[in-house]
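Chains, contacts and geometry: an overview
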Amino acid sequence: MGTIKSTWAGTPITLDDQLEDAVWSGAQEKQMKFDGGFMLAKNDAKYLYVVLDVVKDTHNDPGTGDYFWFTFDRNKNKAITPNYDVNYGNYPGNPNKMGRQYYKGAGRWTGLLNEVQKSECKSTFGTSPNSSTPHRIWKFRFRLSDLKVNLLWWWFSSYTKFGFRVHSNKPNLNYDTPANFFRDFSKLHTLYFSRKPSISNADLGPIMGSVGLIPTTKINAAGRATTASNYFIYARNAAFGGKLNVIGNRTKMDQLPGMDAKKYKVFHRKGTSGGFSEFVTSWYNYKWDGSDYVLEAASPDSNKFYKMPSAGVDYSIDDLLFQFNSTKLDTGLHQFKVKFYNNAGAEVGATNPAQILTMYIDNNVPEVSINSVKYKNAEIGACGIVNLQNPNDEIVVDFEGYDKEGNLLDYSLTARWGEGDSKNIVYKKYDPVTTPGNWKGSHHITGSFKAATTCAHSFNVYARARTTNGYGYVGKNSTYRYVTIIK
């Protein structure tokens, strides 16, 4: 079993980028060796970028039978799960077209699926930093969502289990790593994803640099965050919810040991006035031990001091000052500040003015309901059957998509039927230009639907909160009603 640590891709990587290009900087230092060459990996919040640098395949024979397999244990249970775990491969004779197939069992697959494939591959031939002799280089962009990887799950170490084959006809090479991976998942390699994008120092707060990936300078006095649309996390006047990581300013954290900072305290108050009190919480962070990430606990001592993070240690979440479960706090504005101390208890490293972090906490989910489903003003109850008098007649649905705190991101009404068929009937999304301020949504929203065929239908209402944990939006709600429409 091997291990590779992906590094963060500050800009999206294309399949035309070369290993010598700046976008791949830092990846070679963490590459994984296999019998035929080297594997390099980077990721961002959307894609896993992989290069298989097959330095031993020095014969340029495109389209003559060279191929790859790339397997992922999507539920990471170290066993083949039929119709869930996947194997990617290129189409015969087309090294630059990739498809995927589900495992049916050990060494058995469904065959390449008939689907629009958003992951990509490319076969190239040339030199690389690993060898000046031209050789085969396979490049990949895997969508994280296709691998069932979600970097929002920051409370777990983000990883995937994988194995791959690279095959060449000339010379006759076949590299499986690990051996027999497509029949036995128990020894698959592990790839750890990076969740450490480099945030511009100019955007970080002076002490509390960011909440997750959202710089504290992007949080307004109302405690809501707004970031640019091309930023790692696109937040639009977003409140905060879930478990929150408050991360220190990297420059400040590097300076504090030289100021004799040994410990610190976190202070909190509800609202924006009155005194602060000492804030007590505890958390786990993953620490790299040289071969794997292991959990390390953090909590205050009896005097409510937290120990400074160990300098030079690779943590899954670097410079983590404190983590807390915001569901324990009331909905509304909350403020925090941090002070550092030496062993004698004297404050060190203070800023002027002192940084106060304001967050609007909201863990409530939007209100959704289906008020009525009607045909010609007559109610169709749940599991009801309606015979259309005219094939062009419409069903009218009245529903709710509402958030009383004004933190609604979007709502939708969708009809589903048959074998995966669907139609969006109503969709509305928060727009800070046309819907400024804190959007609540609406009561009694109506949508009309014209059935395409006789079938059982479900009408689905879905709404998401405009609430973030610093890594993406959290908080959603849904409901549905089934009716049968006879056309």
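Structure report, in brief. All figures in this text were calculated on a predicted structure; none of them were measured in a lab.

Helix and strand counts for the chain stand at one helix and 36 strands. Based on the C-alpha atoms only, the size of the chain along its principal axes is roughly 85 × 75 × 35 Å. Across the 487 residues that make up the chain, the buried fraction comes to 52%. As displayed, the chain has an accessible area near 22,000 Å², and 47% of this comes from carbon and sulfur atoms.

Looking at the largest pocket, its volume works out to about 980 Å³. As for the largest pocket, its lining consists of 33 residues, and the residues nearest its centre are Ala45, Lys46, Phe232, Ile233 and Tyr471. Here the residues of the lining of the largest pocket are counted per class, giving 19 nonpolar, seven polar and seven charged. Put simply, the second largest pocket is a space of about 730 Å³. Lining the second largest pocket are 34 residues; nearest its centre among them are Arg195, Lys196, Pro197, Arg250 and Asp318. Counting only elements with at least two residues in the lining of the second largest pocket, the list comes to β2 (7-8) and β18 (243-248). Broken down by class, the residue content of the lining of the second largest pocket amounts to 12 nonpolar, 13 polar and nine charged.

As summarised here, the arrangement of the four strands in space is β16-β15-β18-β24, forming an open sheet in which the pairing is antiparallel. Every interior strand has two partners, whereas the edge strands, β16 (214-215) and β24 (320-325), have only one. Sheet topology places β18 next to β24; five bridges connect them, and they run antiparallel. Along β24, the bridge assignment pairs Val246 with Phe322.

Assignment of secondary structure puts Phe140 in strand β11 (residues 131-143). On a C-alpha basis, the gap between Phe140 and Tyr49 in space is 5.7 Å, while along the polypeptide they are 91 residues apart. Among all residues touching Phe140, those that are not within four sequence positions of it are Leu15, Leu48, Tyr49, Val50, Leu52, Phe68, Phe70, Met98, Glu120 and Cys121.

So, on to the pattern of salt bridges. Following the criterion strictly, the structure yields 16 salt bridges and no others. With a closest N to O distance of 3.7 Å, Asp66 and Arg136 form a salt bridge. Linking Asp66 in the loop between β5 (47-54) and β6 (67-73) with Arg136 in strand β11, this pair joins segments that are 70 residues apart in sequence. Each member of the pair Asp66 and Arg136 is classed as buried. The salt bridge partner of Lys262 is Asp260, with a shortest N-O separation of 3.8 Å. When salt bridges with common partners are traced through the structure, they connect Arg250, Asp318 and Asp319 into a single cluster.

Cis rather than trans, the peptide bond between Thr177 and Pro178 has omega equal to -10°. Position of Pro178 relative to the elements: it lies in the loop between β13 (173-177) and β14 (189-192). A positive phi angle is found at Asn83, which is not glycine, with a value near 65°. One non-glycine residue, Lys304, lies in the positive phi region at around 70°. Note that Lys304 resides in the loop between β22 (293-298) and β23 (306-307). For Lys304, a relative accessible area of 34% puts it in the partly exposed group.

So, on to the side chain of Asn285. Mapping Asn285 onto the fold places it in strand β21 (residues 283-288). Residue class for Asn285 comes out buried when judged on its relative accessible area of 7%. Within the local environment of Asn285, its side chain forms a polar contact with the backbone oxygen of Ile317, the two atoms lying 2.8 Å apart. Each residue touching Asn285, except ones within four places of it in the same chain, is listed here: Val294, Leu295, Glu296, Tyr315, Ser316, Ile317 and Leu320.

What counts and what doesn't
Residues numbered from 1 in each chain as written. Predicted model: local features only at pLDDT ≥ 70, side-chain atom pairs only at ≥ 80, totals over all residues. Heavy atoms only, no water. Helix = DSSP H or I, 4+ residues; strand = E, 2+ residues; numbered from the N terminus. Buried < 20%, exposed > 50% of the residue type's maximum accessible area, 1.4 Å probe, protein only. Areas by Shrake-Rupley, 256 points an atom, 1.4 Å probe, with all protein chains shown as cover. 1 Å grid on protein atoms, 1.4 Å probe; cavity = no way out; pocket = protein on both sides within 12 Å on 5 of 7 lines; lining within 4 Å. Points joined across faces, edges and corners; volume = space filled by probe spheres on them. Nonpolar A, V, L, I, M, F, W, Y, C, P; charged D, E, K, R; others polar. Pairing = 2+ DSSP bridges. Contact = heavy atoms within 4.5 Å. Salt bridge = Lys/Arg side-chain N within 4 Å of Asp/Glu carboxyl O. Polar contact = N/O pair within 3.5 Å; in protein donor to acceptor, adjacent residues only side chain to side chain.

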